[in-house]
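As a plain string of letters, each chain reads:
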Protein chains: 2
Amino acid sequence: MKDTISVGLLGLGTVGSGVIKIIRENQEDIYHKVGCHVEVKKALVQDASKIRTVDIDQELLTTDADEILYNPDIDVVVEVIGGIEKARKYILAAFGQKKHVVTANKDLVALYGEELFQAARENGCDLFIEASVAGGIPIIRALVDGLASDRITKMMGIVNGTTNYILTKMSKHQLQYEEVLSEAQAKGFAEADPSADVNGLDAARKMAILSTLGFSTNVSLDDVSVEGISGLTNDDIEYGKRLGYTIKLLGIAKRDNESVEISVQSTLLPQKHPLSSVNDEYNAVFVNGESVGETMFYGPGAGELPTATAIVSDLIAVLKNMRLGVCGKSHTASYNEKKLKTDEAIELKNYFRLHVKDEPGVFSQITTLFASQGVSMEKIVQKPLREQKAAEVVIVTHKSNKKVLDSVYDALLAADVVDSVQSRMRVEVC
Amino acid sequence: MKDTISVGLLGLGTVGSGVIKIIRENQEDIYHKVGCHVEVKKALVQDASKIRTVDIDQELLTTDADEILYNPDIDVVVEVIGGIEKARKYILAAFGQKKHVVTANKDLVALYGEELFQAARENGCDLFIEASVAGGIPIIRALVDGLASDRITKMMGIVNGTTNYILTKMSKHQLQYEEVLSEAQAKGFAEADPSADVNGLDAARKMAILSTLGFSTNVSLDDVSVEGISGLTNDDIEYGKRLGYTIKLLGIAKRDNESVEISVQSTLLPQKHPLSSVNDEYNAVFVNGESVGETMFYGPGAGELPTATAIVSDLIAVLKNMRLGVCGKSHTASYNEKKLKTDEAIELKNYFRLHVKDEPGVFSQITTLFASQGVSMEKIVQKPLREQKAAEVVIVTHKSNKKVLDSVYDALLAADVVDSVQSRMRVEVC
């Protein structure tokens, strides 16, 4: 094996710069671990004249991807440009040139993971994706190796740092969504266009990847039911607190028998649940295994260096495989047929906040409505938190199936005594 | 490669039975993951006639270890008998016969890890030890693979379930140590002889293993400074609460520059720290990396099935290596020279609870004593929690070095106005 392995970086933004820093800083440790040196040989950039946060030789920069993809000196390609089509084309080209690939691209892996892993296999190449989910938390390895012996039944993840930051601030400082979002944008915790984060899409991509690996079945993004946090108000957070819950944007992936359900939505979670104390921009994935029971993996979900550690750890794994001559042979198989649960098979509790007519008999009509649908109530709060224009009722149901709860929701919307359904959320019991 | 890999079990107690159950239950998944079947061929027991919690063919039982160690049909040995000398002899014999080994034996690994890994290497064999620390939590893999790229600077671990159970119950129900210990023994959460747990030795073994891997240096059990929980009273827990702390038996391993300190002791931890909410028999390891920042790994630290999942995940790793023909080649190296910090270099805060003479001027004499040693105080509590026979003073210091704090302790013991030093504990800031 060569004494120095050469890496080509596709992209030199925040994470790409972090990769260069870590490789440089930990060169000696890496040498001890894998028996060779690692060198970044080329980095693809859009504008070679731009000032960088990382000190890098100008000659290493290129605006032509082919100088990396078709460079015979480059052994491993690290893809950190993001986006979908270009990244996909580059990665497939890299495999065609028998180069191994490490990527942080959740958007791409969630959509084209199956195709990419197949191309890697066919070309005898490694493809590692640790950085695509939950930044610095080694959750992919935990699912693929650490818990390999177990049958994973449920994963609940706070896998989007931006929304967790927003929800934490809303809850701690009694602020409304819009105020916190602007502040988060100003501080760089939310992007100028935060839609993929706040509408749940980013979390959904990560849950698709986790479900594919955890359940050994090919889950695609379309299989994930997604709702974001933008409709959430501080009222719900305060009611949640009174009822003993914390509200989190939660990815939930469950497997019963052979069927799976995967969703992302604002969820009321008991305050005592370990995920409830995961605050600010931190991520965590709670994993239930049939034998192991409850485990949780916590850490920074994004950021230059945390994400770069995941990439460089993947790089070390590639180097070890190269040294042992076993690249392209450790891919996980999606051997289970995918069966999605129907709405009737999805069991959950719901939280409803209603504005109702302020007249006698309203309460009884609402309880009758729930009863007629066969849904029983666990908790009801009527006393307003502060002065309300409309009378307000908050209800937490007992467990029922999603189809029935959808009917309750429709019936509430149609009911004369209900002015509006202010919010409806999932309630997760532990 | 053979279609069925045969395993010999050394020991068929709780964990051994769990291994059989998981292999049996997840046979099909294991086949999909590694491309071969796994079969337990022989199990070493002390008494073949004993009733078992797992259904096993009587013919598989043996009281003669040689039937496993020298059995040419057996490929992998799983050591779950515990203890030191016999287990060590068996494992070395297994390597001599070119058999791979998976062990859950923290006592042995903490003492003889270096020797065992060397024997494995020399014989081209795999040795996996995931189950030796924190049961079902894949923390060894996290350190060796997931965070391989990073420079780990600190690990704090709740790595003993028995003591965490005791401390949780003492805190929740305002009970004293002895009461909870008896209850824990009755419920099976503590052993009849709980000394290795409550005196911190068990946790120290695990911290020695974690430090060896996390810092890539050979830490031995003697390098760990150890104090247990048996002197702890409910008074300290209540004072801790009032001051904003939770008391945990905490393993702390730190690396500054090239020097390390490793200790196990009752520690006051800020209530907001993620480790403070790790309750009952659960374990967690909090890992700080220079680049990744803060991560935490949480789960069951013991128990039949959780520990067995770690063993069977290791077994799957051995099977993958066998399939790829790379056994004995993935050992981690302890390439850093071990440098232990001197007491002068160990920076920490202390908590003291004193019984003092109930007379004027006492308070001023105590503060003078601290000042004369150059230690400043962060918090002082004088108001008794309940009726005390003696006047009581609780002090939390600012950071100082261990040598100076030892002098303060000696001076307190010698001071006329101090009747007794009821307790002294480490205070950990985040």
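Now for a description of the structure that goes with this document. Note that this is a predicted model, so its numbers are computed, not measured.

What about the overall build of chain A?
Now for step 1: If you tally the helices and strands in chain A, you get 14 helices and 17 strands.
Now for step 2: Against the 2.2 N^0.38 benchmark of 22 Å for 430 residues, chain A shows a C-alpha radius of gyration of 24 Å, consistent with a compact globule.
Now for step 3: Overall, the C-alpha framework of chain A stretches about 80 × 45 × 35 Å when taken along its three principal axes.
Now for step 4: Sequence-distant contacts in chain A: of pairs separated by 6 or more residues, those separated by 24 or more amount to 74%.
Now for step 5: Total accessible area computed for chain A in this model is approximately 16700 Å², and 47% of it derives from carbon and sulfur atoms.
Now for step 6: In chain A, the 47 positive side-chain charges and the 60 negative ones have mean positions that sit 3 Å from each other.

Some details on the relation of the copies chain B and chain A
Now for step 1: Each copy of the sequence occupies a distinct position, and chain B is placed on chain A by a rotation of 180° and an axial shift of 0.0 Å, giving an RMSD of 0.0 Å. Seen this way, the second copy is the image of the first under a two-fold rotation axis. Looking at the rotation axis and the C-alpha trace of chain B, the residue lying nearest is B:Phe297, at 2.4 Å.
Now for step 2: Same-surface contact between copies: 100% of interface residues of chain B are shared with the interface of chain A.

A look at the interface of chain B and chain A
A common measure of how large an interface is: the accessible area buried when the components associate.
Now for step 1: Counting residues at the interface gives 43 residues for chain B, matched by 43 residues for chain A.
Now for step 2: It is B:Ser149, B:Tyr298 and B:Tyr335 in chain B that bury the most area against chain A; as a group they hold 17% of the surface buried on that side.
Now for step 3: For the interface between chain B and chain A, the tally reads two salt bridges.
Now for step 4: For the pair chain B and chain A, the number of links is 17 residue pairs in polar contact (both at pLDDT 80 or more).
Now for step 5: Those elements that place two or more of their residues in the side of chain B that touches chain A are α2 (27–34), α6 (139–146), β11 (282–289), β12 (293–300) and α12 (304–324) of chain B.
Now for step 6: Among the residues making up the side of chain B that touches chain A, the classes are represented as 21 nonpolar, 12 polar and 10 charged.
Now for step 7: Where strand β12 (residues 293–300) of chain A meets β12(B), three bridges bridge the pair, whose relative direction is antiparallel. Bridge pairing in β12(B) links A:Phe297 to B:Phe297.

Overview of the pairing of strand β5 (residues 100–103) of chain A
Residue and element names in this part refer to chain A.
Now for step 1: The alternating pattern of β5 places His100 and Val102 and Val101 and Thr103 on opposite faces, both of which are buried.
Now for step 2: Of the pairings in the sheet, the one linking strand β4 (residues 76–79) to β5 comprises four bridges and is parallel in character. Residue pairing in the sheet places Val77 in a bridge with Val101 of β5.
Now for step 3: Taking the sense of rotation as the criterion, the β-α-β connection linking β4, helix α4 (residues 85–96) and β5 turns out right-handed.
Now for step 4: Traced from β5 through helix α5 (residues 106–122) to strand β6 (residues 127–128), the parallel crossover comes out right-handed.

Examining the pattern of salt bridges
Now for step 1: In total, this model carries 63 salt bridges over all chains according to the counting rule given.
Now for step 2: In this structure, the salt-bridge partner of B:Lys106 is B:Asp202, at a minimum N-O distance of 3.5 Å. Linking B:Lys106 in helix α5 (residues 106–122) with B:Asp202 in helix α10 (residues 201–214), this pair joins segments that are 96 residues apart in sequence.
Now for step 3: Its salt-bridge partner being B:Glu378, residue B:Lys349 comes within 2.2 Å of it at the nearest N-O pair. Residue B:Lys349 is located in strand β13 (residues 347–356), and its partner B:Glu378 is located in strand β14 (residues 377–381); the two are separated by 29 residues in the primary sequence.
Now for step 4: Here the salt bridges share partners, and the residues they tie into one network are A:Lys154, A:Asp256, A:Glu261, A:Lys341, A:Arg426 and A:Glu428.

A look at empty space enclosed by the protein
Now for step 1: Throughout the structure, instances matching the rule amount to three cavities of 30 Å³ or more.
Now for step 2: Forming the boundary of the largest cavity are 47 residues, of which A:Arg141, A:Asp145, A:Asn321, B:Arg141 and B:Asp145 lie nearest the centre.
Now for step 3: Contributions of two or more residues to the lining of the largest cavity are made by β6, α6 (139–146) and α12 (304–324) of chain A together with β6 (127–128), α6 and α12 of chain B.
Now for step 4: Here the element with the most residues in the lining of the largest cavity is α12(B); it accounts for eight residues.
Now for step 5: Of the pockets and cavities examined, the second largest cavity occupies roughly 70 Å³.
Now for step 6: Of all elements in the fold, only α6 of chain A together with α6 of chain B reach the threshold of two or more residues within the lining of the second largest cavity.
Now for step 7: Residue classes in the lining of the second largest cavity are distributed as six nonpolar, two polar and two charged.

Observations regarding the sheet that holds strand β2 (residues 37–44) of chain A
Residue and element names in this part refer to chain A.
Now for step 1: One open sheet holds the six strands; their spatial order is β3-β2-β1-β4-β5-β6, and the pairing between them is parallel. Of all strands in the sheet, those with a lone pairing partner are β3 (61–62) and β6, marking the two edges.
Now for step 2: As paired elements, β5 and β6 share two bridges and run parallel to each other. Residue pairing for β6: Val102 is matched across the bridge by Phe128.
Now for step 3: In this fold α4 packs onto β1 (4–10), β2, β4, β5 and β6, with an angle of close to 150° to the strand it touches most, β5.

Some remarks on the sheet that holds strand β1 (residues 4–10) of chain B
Now for step 1: Spatially, the six strands line up as an open sheet ordered β3-β2-β1-β4-β5-β6 (chain B), and their pairing is parallel. Each of the sheet's edge strands pairs with one partner strand only, and the pair in question is β3 (61–62) and β6 of chain B.

Observations regarding the pairing of strand β9 (residues 245–256) of chain A
All names here are of chain A.
Now for step 1: Of all 12 residues making up β9, 11 are buried, and the element is well covered by its neighbours.
Now for step 2: Strand direction decides the pairing type here: strand β7 (residues 152–158) and β9, joined by four bridges, are antiparallel. By the bridge assignment for β9, Met155 is matched with Ala253.
Now for step 3: Pairing between β9 and strand β10 (residues 259–270): 12 bridges, direction antiparallel. Among the inter-strand pairings, Tyr245 is bridged to a residue of β10, identified as Pro270.

Quick look at unusual backbone geometry
Residues and elements named next belong to chain A.
Now for step 1: Even without being a glycine, Ala134 presents a positive backbone phi close to 60°.
Now for step 2: Secondary-structure assignment places Ala134 in the loop between β6 and α6.
Now for step 3: Look at Asp280: it is not a glycine, yet its phi comes out positive at around 55°.

A few points about α6(A)
Now for step 1: Counting buried positions along α6(A) yields seven of eight residues, so the element is predominantly enclosed.
Now for step 2: Every buried residue belonging to α6(A) is among A:Ile139, A:Ile140, A:Arg141, A:Ala142, A:Leu143, A:Val144 and A:Gly146, and all of these are buried.

What counts and how
- Residues numbered from 1 in each chain as written.
- Chains lettered and ligands numbered in written order.
- Predicted model: local features only at pLDDT ≥ 70, side-chain atom pairs only at ≥ 80, totals over all residues.
- Heavy atoms only, no water.
- Helix = DSSP H or I, 4+ residues; strand = E, 2+ residues; numbered from the N terminus.
- Rg over C-alpha atoms; globule rule 2.2 N^0.38 Å.
- Contact = heavy atoms within 4.5 Å.
- Areas by Shrake-Rupley, 256 points an atom, 1.4 Å probe, with all protein chains shown as cover.
- Lys, Arg positive; Asp, Glu negative; His and termini not counted.
- Charge placed at Lys NZ, Arg CZ, Asp CG, Glu CD.
- Least-squares fit on C-alpha atoms with pLDDT ≥ 70 in both.
- Buried area = accessible area lost by both parts, 1.4 Å probe.
- Salt bridge = Lys/Arg side-chain N within 4 Å of Asp/Glu carboxyl O.
- Polar contact = N/O pair within 3.5 Å; in protein donor to acceptor, adjacent residues only side chain to side chain.
- Nonpolar A, V, L, I, M, F, W, Y, C, P; charged D, E, K, R; others polar.
- Pairing = 2+ DSSP bridges.
- Buried < 20%, exposed > 50% of the residue type's maximum accessible area, 1.4 Å probe, protein only.
- Right-handed = clockwise from strand over helix to strand, strands pointing away.
- 1 Å grid on protein atoms, 1.4 Å probe; cavity = no way out; pocket = protein on both sides within 12 Å on 5 of 7 lines; lining within 4 Å.
- Points joined across faces, edges and corners; volume = space filled by probe spheres on them.
- Axes fitted to C-alpha atoms, helices over the stretch in contact; angles between N-to-C directions.

Scope: geometric values only; no functional claims are made or implied.
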